[in-house]
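Spelled out from the first residue to the last, the chains are:
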Amino acid sequence: MIRLSVPFRQALSRLTLPVMLMFSLGLVLIGRADQNFSGHLRTDLDDLLAPAYGLVSAPIAAAEHGTGVIGQLFDLEAENAALKAENENLLQWQAVAMALAAQNDALKATLKFVPSPTPKFYTGEVVADLGGVYARSVLVALPATNADPAGMVGAIAMDGRGVAGRVVEAGTRSARVLLITDLNSRIPVALGTAGSPALMTGTNGADPALLYWAPGQPPAEGAMVLTSAAGGAFPPGLPVGIVHYNAQNDPVVLPLADLDALRMLRLFSYPENLPVLTPIPRDTHKTSAHSRKP
Amino acid sequence: MRRRPSAWRQLDAASRYAFPVGFLIFGLFFIGLPFGLPGQAELRPVYAMACVFFWSLYRPSSLPAPIVALTGVLLDLLGISPIGLWAVLLLILQGVTLAARRRLIPQSFFLTWLVFSCFATGLCGLAWVAQSVLNLALLPPLPLMVEVLLALGLYPALAGFFIRAHRGPAAVELA
């Protein structure tokens with residue numbers, strides 16, 4: 001160990017704070033100049049953290065699903081009755097759905113409908129809720145052998161019911177999903193049976209807002225909101241939510257996905273559907289920039 | 001010649017120095033667990049501010065500036081804020097706290113709490129302004145209020161715990 005004189009050491013300790021402050025300011029500038037810099041650092045950190053979070057998240061998930069937790073045992077009977085009633089209701093809907101599916105098949109056969117190819121998908125567990133103060137995102141653990149982190153960027157994340165968000169950064173073990181409620185989320189949607197176009201924008205609140213609908217055709221309360229292929233970022237027809245007018249009489253979308261309690265997400269990658277503005281993934285820095293169509 | 005301290009004393013001293021840093025970093029990760037609580041994202045910077053304020057006030061040597069900068073970078077990477085922003089803000093907090101230290105320490109707990117709330121409000125406001133400028137958009141003010149309320153509520157609880165932790169391993173007469 002090097003022995004320093006006392007005045008020198010005091011001077012050194014007094015200097016660390018300003019030096020670190022300069023260093024941090026420099027970091028802000030670097031982050032502004034190279035947008036990928038913080039993305040790469042974040043991906044590395046996420047890859048490091050995802051397994052650790054996965055380990056800790058498992059017991060929490062187990063507790064919430066009511067496996068052997070006492071709190072859930074008290075209202076088993078009421079829950080059972082509610083489920084039975086719901087099941088009866090759903091059985092009726094099942095009959096309707098089967099009839100509609102048969103009709104749909106018949107119509108498709110008449111139209112010589114070409115089905116869209118099934119995309120590749122991963123199912124991942126949401127291990128961490130890593131939103132910021134002005135950002136909404138979750139961390140999804142991927143299987144350890146995710147060979148194609150670059151292909152995962154831009155993948156569409158859906159829970160059991162609807163679109164939850166998009167993958168903005170992906171590493172070998174983790175993917176960060178920007179939720180549809182995030183301020184920077186903009187999703188072209190189709191409203192109702194007519195499929196009239198609009199734009200769904202995140203507001204950082206619970207329900208994303210609807211903007212830019214066709215003049216003279218305001219979104220109808222209760223209309224289904226599906227993704228639209230406009231702009232080529234999303235495949236058409238994925239369920240997103242339902243139109244609702246809030247207290248200010250502005251149309252918002254009530255998301256189908258349970259965004260406050262995401263546990264499992266399916267990540268569908270549509271490699272040919274990447275929009276031009278998708279951040280350029282790390283490893284294929286040079287090649288993918290050229291291969292992507294403008 | 002000074003006698004070399006025993007292994008237990010060394011362990012005690014090590015824990016005394018590692019506790020503030022370890023607890024701060026561990027807490028940042030812990031807040032990321034998917035509890036699904038409202039205001040969880042707002043809690044992370046508030047927690048970091050409370051830790052930095054408390055330790056800079058009562059034991060400045062245990063939280064050196066490089067560690068504070070690292071914490072800030074970690075905060076920026078975990079939550080999605082422009083990298084380096086919270087590093088700058090936390091270092092400013094540390095600088096201001098160190099400057100006001102001599103005047104703050106003899107004051108009552110209530111006054112310290114009030115001062116921390118003012119500092120936290122100022123820093124959260126600064127973060128809001130900086131992020132609005134960097135995003136070229138007016139960010140919603142609601143999270144700002146949540147942060148201020150959380151700062152008001154969190155500090156007494158955290159300080160109460162820290163004061164106990166600060167006394168425990170530090171008490172030489174108990175070792």
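Remember, it's a predicted structure, so these values are computed and weren't measured experimentally. (Residues numbered from 1 in each chain as written. Chains lettered and ligands numbered in written order. Predicted model: local features only at pLDDT ≥ 70, side-chain atom pairs only at ≥ 80, totals over all residues. Heavy atoms only, no water.)

Examining the overall build of chain A
Each helix and strand in chain A was counted, giving six helices and twelve strands. Burial analysis of chain A (294 residues in total) assigns 39% to the buried set. Summarising the internal contacts of chain A: among those between residues at least 6 apart in sequence, 55% fall at separations of at least 24. As displayed, chain A has an accessible area near 17300 Å², and 64% of this comes from carbon and sulfur atoms. (Helix = DSSP H or I, 4+ residues; strand = E, 2+ residues; numbered from the N terminus. Buried < 20%, exposed > 50% of the residue type's maximum accessible area, 1.4 Å probe, protein only. Contact = heavy atoms within 4.5 Å. Areas by Shrake-Rupley, 256 points an atom, 1.4 Å probe, with all protein chains shown as cover.)

Some details on the overall build of chain B
The helix and strand inventory of chain B stands at six helices and zero strands. For chain B, the α and β elements follow one another from N to C terminus as α-α-α-α-α-α. For 175 residues, the compact-globule estimate of 2.2 N^0.38 gives 16 Å, and the C-alpha radius of gyration of chain B, at 17 Å, lies within 12% of that figure. Its C-alpha atoms give chain B principal-axis dimensions of about 65 × 35 × 30 Å. Excluding contacts between residues fewer than 6 apart, the proportion of contacts in chain B whose partners are at least 24 apart in sequence is 72%. (Rg over C-alpha atoms; globule rule 2.2 N^0.38 Å.)

Brief notes about the sheet that holds strand 4 (residues 163-170) of chain A
All names here are of chain A. One closed barrel holds the six strands; their spatial order is 1-2-5-4-3-12, and the pairing between them is antiparallel. Going from strand to strand, the sheet's axes swing by 40 degrees on average, the running direction of each strand aside. Where strand 2 (residues 137-141) and strand 5 (residues 174-179) come together, five bridges link them in antiparallel fashion. Bridge pairing in strand 5 places Val138 opposite Val177. (Pairing = 2+ DSSP bridges. Axes fitted to C-alpha atoms, helices over the stretch in contact; angles between N-to-C directions.)

Section: the state of the cysteines
What the rule picks out here adds up to zero disulfides over all chains. In this model Cys118 of chain B remains outside any disulfide bridge; the closest cysteine sulfur is found in Cys124 of chain B, 12 Å from its own. (Disulfide = S-S within 2.5 Å.)

Re the interface of chain B and chain A
Between chain B and chain A, the contact holds 40 residues from the first and 40 residues from the second. Buried surface at the junction of chain B and chain A, summed over both partners, amounts to about 3200 Å²; 71% is from carbon and sulfur atoms. Looking at the side of chain B facing chain A, the largest losses of area belong to Pro34, Ile80 and Ile83 of chain B, adding up to 22% of the total buried there. Put simply, chain B and chain A have zero salt bridges between them. Inspection of the region where chain B meets chain A yields eight residue pairs in polar contact (both at pLDDT 80 or more). Taken together, the elements giving at least two residues each to the side of chain B that touches chain A come down to helix 1 (7-30), helix 2 (40-58), helix 3 (65-78), helix 4 (85-104), helix 5 (109-135) and helix 6 (142-167) of chain B. The element contributing the most residues to the side of chain B that touches chain A is helix 3 of chain B, with eight residues. Of the residues in the side of chain B that touches chain A, the class split is 27 nonpolar, nine polar and four charged. (Buried area = accessible area lost by both parts, 1.4 Å probe. Salt bridge = Lys/Arg side-chain N within 4 Å of Asp/Glu carboxyl O. Polar contact = N/O pair within 3.5 Å; in protein donor to acceptor, adjacent residues only side chain to side chain. Nonpolar A, V, L, I, M, F, W, Y, C, P; charged D, E, K, R; others polar.)

Here's the deal with the confidence of the model for chain B
Of the residues in chain B, 94% have a pLDDT of 70 or more, and the chain-wide mean is 86. Two numbers describe this predicted complex: its pTM, 0.78, and its ipTM, 0.81. (pLDDT = per-residue confidence, 0-100.)

Notes on the pattern of salt bridges
Residue and element names in this part refer to chain A. A full pass over the atoms with the stated rule returns one salt bridge over all chains. A salt bridge links Arg176 to Asp46; the shortest N-O distance between them is 2.8 Å. A residue pair is termed long-range when its members are at least 10 positions apart, and Arg176 in strand 5 and Asp46 in helix 2 (residues 35-64) qualify at 130 residues. Judged by relative accessible area, which is 2%, Asp46 ranks as buried.

Some remarks on the packing of helix 1 (residues 6-33) of chain A against helix 4 of chain B
For the pair helix 1 of chain A and helix 4 of chain B, the least separation of the axes is 8 Å and the interaxial angle reads 160 degrees. What the angle tells us is that helix 1 of chain A and helix 4 of chain B run roughly antiparallel. The handedness of the crossing between helix 1 of chain A and helix 4 of chain B comes out as left-handed. Residues Leu17, Met20, Leu21, Ser24, Leu25 and Val28 of chain A of helix 1 of chain A pack against Leu85, Ala87, Val88, Leu91, Ile92, Gln94 and Gly95 of chain B of helix 4 of chain B. Here the residues of the contact of helix 1 of chain A with helix 4 of chain B are counted per class, giving ten nonpolar, three polar and no charged. (Parallel < 35°, antiparallel > 145°, perpendicular 65-115°, else oblique. Left-handed = near helix turned anticlockwise from the far one by under 90°.)

Here's the deal with the packing of aromatic side chains
All told, the structure shown has 21 aromatic pairs over all chains when counted by the stated rule. For the pair Phe53 of chain B and Phe116 of chain B, a centre-to-centre distance of 5.1 Å together with 50 degrees between the ring planes defines the contact as tilted. Placement of Phe53 of chain B in helix 2 and of Phe116 of chain B in helix 5 is noted, with a sequence separation of 63 residues between them. Given a relative accessible area of 0%, Phe116 of chain B falls into the buried group. Here the guanidinium or amino end of Arg166 of chain A rests over the ring plane of Phe234 of chain A, the centre of that ring lying 4.8 Å away. (Phe/Tyr/Trp six-rings, centres within 6.5 Å; stacked < 30°, edge-to-face > 60°. Lys NZ or Arg CZ within 6 Å of the ring centre and 35° of its normal.)

Points about the pairing of strand 1 (residues 120-128) of chain A
Residues and elements named next belong to chain A. Relative to strand 12 (residues 264-269), strand 1 runs antiparallel, the two being bridged by six bridges. If you follow Gly124 over to strand 12, its bridge partner there is Leu265. Both strand 1 and strand 2 contribute to a ladder of three bridges, which runs antiparallel. If you follow Glu125 over to strand 2, its bridge partner there is Ala141.

Here we look at the side chain of Gln40 of chain B
Within the secondary structure, Gln40 of chain B sits in helix 2. A polar side-chain atom of Gln40 of chain B sits 2.6 Å from the main-chain carbonyl oxygen of Leu33 of chain B. In this structure, Gln40 of chain B is in contact with Asp129 of chain A together with Ile31, Gly32, Leu33 and Phe35 of chain B, ignoring residues within four places of it in sequence.

Some details on the nonpolar core
Judged by nonpolar contacts, the single largest core of 64 residues is most densely connected at Tyr53 of chain A together with Tyr47, Met49, Leu90 and Phe116 of chain B. Counting residues per element, this core draws most heavily on helix 2 of chain B, at eleven residues. Every residue in contact with Leu90 of chain B, bar those within four places of it in the chain, is listed here: Ala48, Met49, Val52, Val68, Thr71, Gly72 and Leu75 of chain B. Val138, Ala198, Ala257 and Phe268 of chain A belong to the second largest nonpolar core, which has 40 residues in total. (Core = buried A, V, L, I, M, F, W, Y, C linked by side-chain atoms within 4.5 Å.)

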